[in-house]
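Residue-level structure breakdown
Each chain, letter by letter, is given below.
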Amino acid sequence: MSTPTGFMDYKRELPADRSPLERIKDWDEFHKHFSSDQLRTQGARCMDCGTPYCHTGIEMPGGTSGCPVNNLIPEWNNLIYRGLWREALDRLHKTNNFPEFTGRVCPAPCEGSCTVGLIGDPVTIKTIEQSIIDKGFEEGWVVPQPPLVRTGKRVAVVGSGPAGLACAAQLNKAGHTVTVFERADRIGGLLTYGIPTMKLDKKIVQRRVDLLEAEGIQFTTNTEIGKDISADQLVSDFDAVVLCGGATKAREVEIEGRDLKGIHLAMDYLNGTIKSYLDSNLEDGNYISAKDKNVIVIGGGDTGTDCVATALRHECKSVTQFGTHAKAPLERDQASNPWPQFPNVYTLDYAHEEARALYGEDPRQFSVLTKKFVGDENGNVKELHTVQIQRTVDVTGRRIYTEIPGTERVWPADLVFIAVGFEGPENTIINQLSLEQDRRSNVKAKYGDYRTSVDKVFAAGDMRRGQSLVVWAINEGREAAREVDRYLMGTTMLP
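Heads up: these notes are all about the structure in this document. (Residues numbered from 1 in each chain as written. Predicted model: local features only at pLDDT ≥ 70, side-chain atom pairs only at ≥ 80, totals over all residues. Heavy atoms only, no water.)

**Some details on the environment of arginine 208**
If you trace the backbone, arginine 208 turns up in helix 10 (residues 202-214). In sequence terms arginine 208 and isoleucine 298 are 90 residues apart; their C-alpha atoms lie 34 Å from each other. Apart from the residues lying within four places of it in its own chain, the contact partners of arginine 208 are His93, Asn97, Phe98, Pro99, Glu100, Phe101, Ile133, Phe137 and Val142. Side-chain polar atoms of arginine 208 contact the side chain of histidine 93, separated by 3.3 Å. Polar contacts involving the side chain of arginine 208 include one to the side chain of glutamate 100, which spans 2.6 Å. (Helix = DSSP H or I, 4+ residues; strand = E, 2+ residues; numbered from the N terminus. Contact = heavy atoms within 4.5 Å. Polar contact = N/O pair within 3.5 Å; in protein donor to acceptor, adjacent residues only side chain to side chain.)

Here it is in structure tokens:
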């Protein structure tokens, strides 16, 4: 606790973002930053709550409650209040390998379960987290720390997203020789190809990759396990293999007219833009352009929202985002969505704020079901047909959608992006190793030891648990590393 009455004395404040109409003209990060004094004041709002639910990291109906990596939030809030930035950084790194990522892209379930939120506005945990690690880099406190002794054990990590990088970082600290295999041309997984640059500058990702490389981790890009190197060969060459390939199999929609030109999977759109931007500042033209087009995004999640933001920066003519879910209430429903569940309330994400500033309204349409796509004489999509729906849940928990008569509507569309989630991991490695899968097609690996049905092979992150948050991926990577270390050495000192 910083000061007994801080949560009553000070109001929650956040740094102002760049103007929406200004930031859609570039691809830079849109957040601004607080001064040290402002952060100290916000840290003072952390109360002596007895049980700090903010760092419990548990899954509840309605979402995650608390921080999945179990950040020591009250401790570093107090250290910031006392001006002990270096010590705050040390506490932050004890539980989180990459706070510069989570401080930017995590939806902050910690704030949803903050005890102050019971009676007012929660502590600005996410802002403080990002500020600590950013200051750490600015001051030169974050430096390579290679292990003093090597064990002689070799571990392969497949996939360089947050789970793979966290796993590799921890195994490297234990002294093992770690090689990370990535099929793309850049390291980072969804941190690089997936999350747009305005949410996470790729120089931030590369900075951490360079640091890990300086600590002794070996990175191999443009290499797909199962194709360029067989999965069996990988298992033969290494003492242990950890699969962190993510849940990258996009979910499709079975809608009349899906084969029309101009209808694309969301990740093809996002990743093409990111790669072209990194390669040539979009000058090579190797991406799907939304310039001067009517854009429809099907899917109400984060991926769909990123498509909206990207289309705005392409200077689209219009953009609309469809979701089958109903519009959330303005305030938390204490009966169906009580604290410390993540609050399901109506908010404007960054892309929605930008679209509203440009077009005058929220681009989202709620409780909408797409019925069919219609094309022109050249096979290009030209319009969508939709209907409003009502969603109910039966006694078994199954969702039932009922169409509302008389709510049919036709929407002009030159580009459509499908962003309805992911089905699970791709099957190349799974089939080659004959790995067991769960009912959702994820690699079956028990939580606690992360071992698969094949000896020496472990699985973590979205490949094991399905599509989830970056913080859960980091948690899984760290946990899996500890179990791999125990498997290789008989015991482990990893947290």
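Anyway, onward from the coordinates.
**So, the packing of helix 4 (residues 73-81) against helix 5 (residues 85-95)**
Two numbers describe how helix 4 lies on helix 5: the axes approach to 8 Å, and their chain directions differ by 170°. Our classification of the angle between helix 4 and helix 5 gives roughly antiparallel. From helix 4, Glu75, Trp76, Leu79 and Ile80 reach across to helix 5, where they touch Trp85, Glu87, Ala88, Arg91 and Leu92. Residues that form the contact of helix 4 with helix 5 fall into these classes: six nonpolar, no polar and three charged. (Axes fitted to C-alpha atoms, helices over the stretch in contact; angles between N-to-C directions. Parallel < 35°, antiparallel > 145°, perpendicular 65-115°, else oblique. Nonpolar A, V, L, I, M, F, W, Y, C, P; charged D, E, K, R; others polar.)

**Focus: the pairing of strand 12 (residues 368-375)**
Looking at chain direction, strand 12 and strand 13 (residues 381-393) are connected through seven bridges and run antiparallel. For leucine 369, the partnering residue across the bridge sits in strand 13 and is valine 387. Counted along the chain from strand 12 to the antiparallel partner strand 13, the turn is five residues long, and its residue glycine 379 has a positive phi close to 85°. (Pairing = 2+ DSSP bridges.)

**What about the environment of alanine 311?**
By the secondary structure assignment, alanine 311 is in helix 13 (residues 302-313). In this structure the C-alpha to C-alpha distance between alanine 311 and leucine 415, which are 104 residues apart in sequence, comes to 9.9 Å. Setting aside chain neighbours within four positions, we find alanine 311 in contact with Tyr269, Ala290, Val295, Cys316 and Val319.

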